[in-house]
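Fold and geometry: a report
So the chains spell out like this:
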Amino acid sequence: MAALIKLENFSKTYNSGEMEVHAVRSVSLEIQAGEFIAIMGASGSGKSTMMNSVGCLDRPTSGKFWLDGVDVGSLGRDQLADLRNKKIGFIFQGFNLLARSTALENIELPMLYLRPSIPAREQVERANQALSMVGLADRGDHRPSQLSGGQQQRVAIARALVNHPKLLLADEPTGNLDTQTSIEIMGVFQDLNRKGMTVIMVTHELDIARYCKRNVVMRDGRIVGDTAVTNRLDAVEELQKLRLEHQAVQLAT
Amino acid sequence: MIIIATIRMAIRALQRNTLRTLLTMLGIIIGVGAVIAMISIGNGARAQIESQIASLGQNVILVMSGNFSRGGIGMGFGSAGTLTKEDFEAMTREVIGVSGASPEVRGNAQVAAGNQNVNTSIIGGSEEYAVIRSWTITSGSNFIDQDVRSANKVALLGKTTAGTLFGDGEAVGQVIRIKNAPFVVVGVLGAKGSDARGFDQDDIIIIPYTSAMKRITGGTTFRSISVQAMDAASSPQVQSDLNELLRQRHRIQDGKEDDFTIRSQQEIADFATASTKVMTVLLGSIAGVSLLVGGIGIMNIMLVSVTERTREIGVRMAIGARGQDILLQFLIEAVVLSVVGGGVGVIFGIGGAYAVAKTQNWATLVSTSSVVLSFLTSAGIGIFFGFYPARKAAQLDPIEALRFD
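Residues numbered from 1 in each chain as written. Chains lettered and ligands numbered in written order. Predicted model: local features only at pLDDT ≥ 70, side-chain atom pairs only at ≥ 80, totals over all residues. Heavy atoms only, no water.

Burial of helix 3 (residues 103-112) of chain A is extensive: nine of the ten residues sit out of reach of the surface. Of the residues making up helix 3 of chain A, those classed as buried are A103(A), L104(A), N106(A), I107(A), E108(A), L109(A), P110(A), M111(A) and L112(A). (Buried < 20%, exposed > 50% of the residue type's maximum accessible area, 1.4 Å probe, protein only. Helix = DSSP H or I, 4+ residues; strand = E, 2+ residues; numbered from the N terminus.)

See the structure below:
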């Protein structure tokens, strides 16, 4: 079976002023469908650039990038947009929900740009489905400001899922969340992954990376580590532990 | 992407900042309103002048004493006093194609009837004057040639004058005193309404010119002579024949200028409509400038909006919006702004025209074409001034846009 993502001597160079910044240097990487990967590295390591490129927001400067068999480097702006729309679900650190729209409307947004378009009734149906998948079935008419951070991130995940993508891309998805909510969100990802969704996540938190199946470490635009996670954490168990700890603390005081 | 969904989205985006939206629309509202109001004032003036010129009579040629084309400061209508009774008689006798002619003298006088007293304008003419100037006679009858020859003291009252002097009572047969001379009212004229300058054309009394010259205006010359040609086709020939006849009679040598002015009704109409057209264009273009400024206001706000919402644009692009989707979104926002503004502006414009008509007593005429045109222009302005900001949004780099804060 062909890899879902295949990078071959992938490089990305930016021109900032007179300086040429080699954000990613000749990286080769394969990711199969069904994987759950954390891309790690310090800031400036090139992980965000990798993420943007894998997310088809950008084309490689040199080298090749195939997404689901499509040579992304040869696509135009509109074709990239369509590819993002159909095959990729984005999750951001800052959630990036439209503040004036309800949760349901936010989730419907990617379907607005679907070509060919689908009927309005089906849109609502699919949005509701996605909302129940992240456990917020009763919050469809809430605005982002009426939801907690964790709930907002769940809405964002539902938005990412609504067009049935092949791949979820999460950029520091737990960066703005407390420990418990972070683990809950990782639980959502693990659940989705178990159902077959490929998840790629950028993070700099080591303990969060341990919920994934594979860790890729970057430094100075190169991959310096690529290992399978051995002692993988399970979100359900960790939440259980956390709850017991809380109880212990409360009993102690 | 479905257009209706985009329009809904645009309306929601505009509702986000109601005050800003209203202020931006205000530019278009004022612009469209001003264009409609100004054009309807211009059109109204023109329509009124046209109807006034029509009320001058059919195929009428005005022979005025004095030369208006001499330039510089005119001597005033009729001040030269060069038209005599003999000139008038020669005109009717010698020029072919004349169906009627009447001299005209004018003066103001105090008129009394019973205990009513009014100052009104007195027009002296021949028995053909009322016919040539297309006055109708609603009660009684016109005076006859015998009255003119004998300088009889008979009078036709304008509708307003009759109303002032006699109220609802019967005027015909009553005696009025013009400068203390008793005149018998023989008829009452139909209404013509007010003219372009707002003067009531019905506030007059028509009497035989002979009586007028004897008792009211004095003098021996006429202010003007109205000549009616038989039909429109013969009118130019009559005009040139009149010119030749008068030059001969006044012994004006070749190369010297006329001491009279001849204007056909058509020339007067052309001149009047040309000047109102200039006024309409002038008013319209001043209003158009404010519409343009309104458009620039829209562009300004849309640019601000694009910058403010850079991150939103980035998110939309990340989840699959094409450049054209973003372009359409912002373009529709601008068009919604301008079309709603234009719609409100139409209401204000029509209201404004109506208010001007009421308060200033000016005739205004709201034409459908000016309403449709300025409404479409406002939509066009939305597209034109919305395009640049929308294109700017559409060309954003998604990565840069997502990073923006």
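That was the structure; now back to the text.
Further remarks concern the interface of chain A and chain B. Across the boundary between the two partners, chain A contributes 23 residues, which contact 27 residues of chain B. A combined buried area of about 2,400 Å² lies between chain A and chain B, and 56% of that area is made up of carbon and sulfur atoms. Taken together, the links from chain A to chain B amount to three salt bridges. The closest approach of N and O atoms between D82(A) and R322(B), which form a salt bridge, is 2.3 Å. Applying the counting rule to chain A against chain B returns nine residue pairs in polar contact (both at pLDDT 80 or more). Among the elements that take part in the side of chain A that touches chain B, helix 2 (residues 77-87) of chain A stands out by supplying six residues, more than any other. Of the residues that constitute the side of chain A that touches chain B, the class distribution is nine nonpolar, five polar and nine charged. (Contact = heavy atoms within 4.5 Å. Buried area = accessible area lost by both parts, 1.4 Å probe. Salt bridge = Lys/Arg side-chain N within 4 Å of Asp/Glu carboxyl O. Polar contact = N/O pair within 3.5 Å; in protein donor to acceptor, adjacent residues only side chain to side chain. Nonpolar A, V, L, I, M, F, W, Y, C, P; charged D, E, K, R; others polar.)

Further remarks concern helix 1 (residues 3-15) of chain B. Spanning 13 residues, helix 1 of chain B covers 18 Å between terminal C-alpha atoms, matching the ideal 18 Å at 1.5 Å per step. Taken as a whole, helix 1 of chain B has its buried residues at A5(B), T6(B), M9(B), A10(B), A13(B) and L14(B). Of the surrounding secondary structure, the elements contacted by the buried residues of helix 1 of chain B are helix 3 of chain A together with helix 2 (18-54), helix 10 (310-318) and helix 11 (323-360) of chain B. (Expected span 1.5 Å × (residues − 1).)

The final tally for this structure, using the stated rule, is 29 salt bridges over all chains. In this structure, R115(A) engages D325(B) in a salt bridge whose closest nitrogen and oxygen atoms are separated by 2.9 Å. Here the residue R115(A) occupies a position in the loop between helix 3 and helix 4 (120-133), and D325(B) occupies one in helix 11, the pair thus bridging two chains. R115(A) sits in the partly exposed class, given a relative accessible area of 21%. Judged by relative accessible area, D325(B) falls into the buried class, the value being 3%.

This part takes up the sheet that holds strand 1 (residues 5-16) of chain A. Residue and element names in this part refer to chain A. With respect to topology, four strands assemble into an open sheet ordered 2-1-4-5, the strand pairing being antiparallel. The open sheet terminates on both sides in strands that have one partner only, identified here as strand 2 (19-31) and strand 5 (70-71). Contacting strand 1, strand 2 and strand 4 (62-67), helix 1 (residues 47-54) runs over the sheet at an angle of about 115 degrees to strand 1. (Pairing = 2+ DSSP bridges. Axes fitted to C-alpha atoms, helices over the stretch in contact; angles between N-to-C directions.)

This part takes up the sheet that holds strand 10 (residues 222-228) of chain A. Note: strands within a sheet are paired through backbone hydrogen bonds, in either parallel or antiparallel orientation. Residue and element names in this part refer to chain A. The six strands lie next to each other as 6-7-8-3-9-10, forming an open sheet whose pairing is mixed. The open sheet has two edge strands with one neighbour each: strand 6 (88-91) and strand 10. Mean inter-strand twist for the sheet, computed between neighbouring axes without regard to direction, equals 15 degrees. Direction of pairing for strand 6 relative to strand 7 (residues 167-171): parallel, over a ladder of four bridges. Paired with F90 across the two strands is L169, which belongs to strand 7. Along the sheet, helix 2 makes contact with strand 6 and strand 7, crossing strand 6 at roughly 80 degrees.

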